Amino acid sequence: MVKKILEASHAVAEAVKLCRPQVLGMYPITPSTHIPERLSEFVNNGEMDAKLIRVEAEFSAISSIVGASAAGSRVFTATSSQGLALMNEVLYAASGMRLPIVMVVANRALSAPINIWNDWQDAISERENGWIQFFVESSQEAVDTIIQAYKIAEDERVYNPVIVNIDGFYLTHVYEPVDIPDQEQVDNFLPPLNYKYKLDPTNPKTHGPFAYPVPYAKLKKRNFEDFHSFTPIIKEVHDDFAKEFGRSYGDGVIEEYKNDRPYVILTMGSLSGTVKEFVDSRDDVGLVRLRQYRPFPFEEVRNALEGKEMVLVVEKDVAFGSRSGAVFLDLRNALFDMKDKPRINNGIGGVGGTDITREDLGKAIDELKNKDGEIYWFEMRG
Amino acid sequence: MSGETEDMPLGGIIIKPGSTTENKTGGWRTFKPIVEPAKCVKCGICEKFCPEGIIDIDPEKGAVMNYDYCKGCGICAHECPTKAITMILEKK
């Protein structure tokens, strides 16, 4: 293991390289650009034995790796914002076919108006598409989660695509010390993909066939039920990773920080770093961080929030028509039938790259302590 | 996929070839091609043009349609040099 000072995007590229994907279908878009850029260099320099497909847009990027994945290759792509939105149709095809694809999304605001900065609306808008989704806090967690993501996606009990979300700029363009694992260690943890349903002329199969109403409905029901069975496997892979590499992130699904206090901030991604510092400056507030956003970890958050006075969900997105952010919706659903459930408020901030500071968090907590069901907009600065 | 009764495979992936023959698709048809054997000269043009490959040329009977899969596109009737095929509205 070597500790290097790396830009998170370059750390991501190193992690992807260690996973030995065979096909890369990528189209650069801010703030994800440095990932395909660095991977292209690796391929060009002969450091990576992968087929790089230079596509004309994100729809083709994802389409190319869907095909390669169905043919049994380990694949990778990265994108952001509009790029992810342009992939939308194919994302449903990939999850419907249960292909073991791994994609990094460098989260960015969606147009219009055009904005290149960080928020979560891109990934949040894909919350019903059947992909597993992680949100990571640091460069190190991005590296570790990518390695785990392949292991999860390629597990026969799962066979499902995975998105690893990393905050645009706050992570993608930030230099941090990162432990880059040894190739041998990753090879041991992640053996070559042996995809059971690969397209093979000597053993013909059909991916994505036509389905009449009844089989279509049955397949959707099966996918829906399978999806909620992934959480224990995700924890298992996380624990195996921790044993092998010596790093862990809560139970692999949620991370609790000083969660023995009456008030809790629940959030995701790099913002958790700011929240941890805020929590350190107080004695009444703790943090619950969702690492796994899809499938939503219902049981885990219920256990973590039992007996609390108030939970403030801080998120960088809105669910249009639902009068709140999207994470708040899921959390309220998770807590709905809980006895003595905490009051729950929703702080929306960081939209379009605006700041959320420790002072902002303090102001929000103090104002919302005794409230319930409030939608609170953070002051907009940045 | 038909799969009305069996459990659904992961991702709807069909692992045995030939499933298209299990689904009878003739029900999509509105017009049905009818061959008049007396006019058929067994030239095989309809057989070659049929996009679904459902026509066989029988040495005795001439063009024989497999109505389980014929979707009634009418290309055979259009191409037939002796006008031996007529498209009729099918009553269901």
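Residues numbered from 1 in each chain as written. Chains lettered and ligands numbered in written order. Predicted model: local features only at pLDDT ≥ 70, side-chain atom pairs only at ≥ 80, totals over all residues. Heavy atoms only, no water.

### Observations regarding the overall build of chain A
The criterion, for reference: Helix and strand definitions here come from DSSP, where helices need a minimum of 4 consecutive H or I residues and strands a minimum of 2 consecutive E residues; each element is numbered from the N-terminal end. Burial classification: accessible surface area is computed with a 1.4 Å probe over protein chains only, and a residue below 20% of its type maximum counts as buried, one above 50% as exposed, and the rest as partly exposed. A 1.4 Å probe and the Shrake-Rupley method give the accessible areas. Residues count as covered only by the protein chains that appear here.
Each helix and strand in chain A was counted, giving 13 helices and 15 strands. Each of the three principal axes of chain A carries a C-alpha extent, and together these read 65 × 55 × 45 Å. Taking all 382 residues of chain A together, the buried fraction comes to 60%. Looking at chain A as shown, the accessible area adds up to about 15,300 Å², and 50% of this sits on carbon and sulfur atoms.

### Describing the domain arrangement of chain A
Residues and elements named next belong to chain A. Worth spelling out the cut-off: An automatic or database domain assignment supplies the start and end points of every domain. In what follows, residue pairs with any heavy atoms lying within 4.5 Å of each other are defined as contacts. A 1.4 Å probe defines the accessible area here, and the buried area is the portion of it lost by two parts on being joined, summed over both. Within this document, salt bridges are pairs made up of a side-chain nitrogen of Lys or Arg and a carboxyl oxygen of Asp or Glu, the two lying within 4 Å of each other.
Domain assignment breaks chain A into domain 1 (2-243) and domain 2 (254-377). A C-alpha centroid distance of 27 Å is found between domain 1 and domain 2. In this complex, domain 1 contributes 29 residues to the contact, which on the side of domain 2 involves 33 residues. Carbon and sulfur atoms supply 51% of the area buried between domain 1 and domain 2, which totals about 2,500 Å² over both sides. Between Glu-300 and Lys-235 there is a salt bridge, with the nearest N and O atoms lying 2.6 Å from each other.

### What to know about the sheet that holds strand β5 (residues 102-107) of chain A
All names here are of chain A. As a reminder of what qualifies: Here a strand pair is declared whenever DSSP counts at least two bridges between the two strands. Angles here are taken between N-to-C directions and fall from 0 to 180 degrees, while the axes themselves are lines fitted to C-alpha atoms, restricted in helices to the stretch in contact.
Ordered by their spatial adjacency, seven strands build an open sheet running β3-β2-β4-β5-β7-β6-β12, and the pairing between neighbours is mixed. Sheet topology places β3 (51-54) and β12 (292-294) at the edges, where each strand pairs with a single neighbour. Here the strands of the sheet are splayed against their neighbours by 20° on average, with no regard to which way each runs. Looking at chain direction, strand β2 (residues 23-26) and strand β4 (residues 75-79) are connected through two bridges and run parallel. What sits directly across from Val-23, in β4, is Val-75.

### Considering the side chain of Thr-231 of chain A
Tracing the backbone shows Thr-231 of chain A in helix α9 (residues 230-245). Overall, Thr-231 of chain A belongs to the buried group, its relative accessible area being 9%.

### Some thoughts on the state of the cysteines
By definition, a disulfide is the covalent link that joins the sulfur atoms of two cysteine residues. Worth spelling out the cut-off: Disulfides are defined as pairs of cysteine sulfur atoms found within 2.5 Å of each other.
The full count for this structure, using the stated rule, is zero disulfides over all chains. Cys-46 of chain B supplies the cysteine sulfur nearest to Cys-40 of chain B, a cysteine that is in no disulfide, at a spacing of 6.4 Å.

### Let's talk about the nonpolar core
One broad rule of soluble globular proteins: the nonpolar side chains tend to lie buried together. All names here are of chain A. What counts is decided by this rule: Among buried residues, those of type Ala, Val, Leu, Ile, Met, Phe, Trp, Tyr and Cys that are joined through side-chain atoms within 4.5 Å constitute a nonpolar core.
Ranked by internal contacts, the top residues of the largest apolar core, which has 49 residues, are Leu-39, Phe-76, Val-104, Ile-132, Ile-146 and Ile-166. The element that contributes the greatest number of residues to this core is helix α6 (residues 139-153), accounting for eight residues. Those residues in contact with Ile-166 that lie beyond four places of it in its chain are Val-12, Ile-35, Val-104, Val-105, Ala-106, Asn-107, Val-136, Ala-142, Leu-171 and Thr-172.

### Some thoughts on the pattern of salt bridges
As enumerated under the stated definition, the model contains 38 salt bridges over all chains in all. One salt-bridge network, held together by shared partners, links Glu-137, Glu-141, Glu-255, Lys-276, Arg-289 and Arg-291 of chain A.

### Focus on the environment of Tyr-212 of chain A
Following the sequence through the fold, Tyr-212 of chain A ends up in the loop between α7 (183-189) and α8 (213-227). Sequence spacing of Tyr-212 of chain A and Asp-182 of chain A is 30 residues, and the spatial spacing of their C-alpha atoms is 49 Å.

### Points about the side chain of Thr-33 of chain A
Defined as follows: Polar contacts, as counted here, are pairs of nitrogen or oxygen atoms within 3.5 Å of one another; within protein the pair requires one atom able to donate a hydrogen and one able to accept it, and residues that are adjacent in sequence qualify only if both atoms are side-chain atoms.
Relative to the elements of secondary structure, Thr-33 of chain A occurs in the loop between β2 and α2 (34-44). In terms of polar contacts, Thr-33 of chain A uses its side chain to reach the backbone amide nitrogen of Thr-30 of chain A, at 3.3 Å.

### Describing the environment of Asp-122 of chain A
Residues and elements named next belong to chain A. Along the chain, Asp-122 turns up in helix α5 (residues 121-124). With sequence-adjacent residues up to four places away left out, Asp-122 is seen in contact with Ser-80, Ser-81, Leu-84, Val-105, Ala-106, Asn-107, Arg-108 and Leu-110. At 3.0 Å, the side chain of Asp-122 forms a polar contact with the backbone nitrogen of Ser-81.

### What to know about α8 of chain A
Residues and elements named next belong to chain A. Operational definition: The span you would expect from a helix comes to 1.5 Å times its residue count less one. The arc refers to the directions leading from the helix axis to the C-beta atoms.
The first and last C-alpha atoms of α8 sit 21 Å apart over 15 residues, in line with the 21 Å expected at 1.5 Å per residue. For α8, every residue scored as buried is listed here: Pro-215, Leu-219, Asn-223, Asp-226 and Phe-227. For α8, the buried positions fall inside an angular range of 110° around the axis, keeping them on one side. Exposed side of α8, more than 90 degrees from the buried face: Pro-213, Lys-221 and Phe-224 are the residues found there. Next to the buried residues of α8 lie α4 (81-96), β6 (132-135), α9 and β12.

### Notes on unusual backbone geometry
Residue and element names in this part refer to chain A. Put simply, Thr-30 and Pro-31 share a cis peptide bond, and its omega is 0°. Within the fold, Pro-31 resides in the loop between β2 and α2. For the bond from Arg-294 to Pro-295, the omega torsion is -5°, close enough to zero to count as cis. You can see Pro-295 is positioned in the loop between β12 and α11 (298-305). Phi at Phe-169 is positive, roughly 65°, even though this residue is not glycine. Mapping Phe-169 onto the fold places it in the loop between β7 (162-167) and β8 (175-180).

### Some thoughts on the interface of chain B and chain A
The test is simple: Each residue receives one of three labels: charged for Asp, Glu, Lys and Arg, nonpolar for Ala, Val, Leu, Ile, Met, Phe, Trp, Tyr, Cys and Pro, and polar for the others, Gly being one of them.
Tallying the contact residues gives 19 residues for chain B and 21 residues for chain A. Here chain B and chain A share an interface that buries about 1,700 Å² over both sides, 62% of which is from carbon and sulfur atoms. Where chain B meets chain A, there are zero salt bridges. The tally of links from chain B across to chain A stands at three residue pairs in polar contact (both at pLDDT 80 or more). The residue inventory of the side of chain B that touches chain A, partitioned by class, reads nine nonpolar, seven polar and three charged.

### Regarding the packing of aromatic side chains
Residues and elements named next belong to chain A. Which entries qualify depends on this criterion: For this analysis, a ring pair means two rings from Phe, Tyr or Trp (six-membered ring only for Trp) whose centres lie within 6.5 Å, classed as stacked if their planes differ by under 30 degrees, edge-to-face if by over 60, and tilted for the remaining angles.
Applying the stated criterion across every chain, the model contains 13 aromatic pairs over all chains. An angle of 75° between the planes, with centres 6.1 Å apart, marks the rings of Tyr-195 and Tyr-197 as edge-to-face. Since its relative accessible area comes to 3%, Tyr-195 is described here as buried. We classify Tyr-197 as buried; its relative accessible area is 17%. Taking 5.3 Å as the distance between ring centres and 85° as the angle between the ring planes, the aromatic pair formed by Phe-210 and Tyr-212 counts as edge-to-face.

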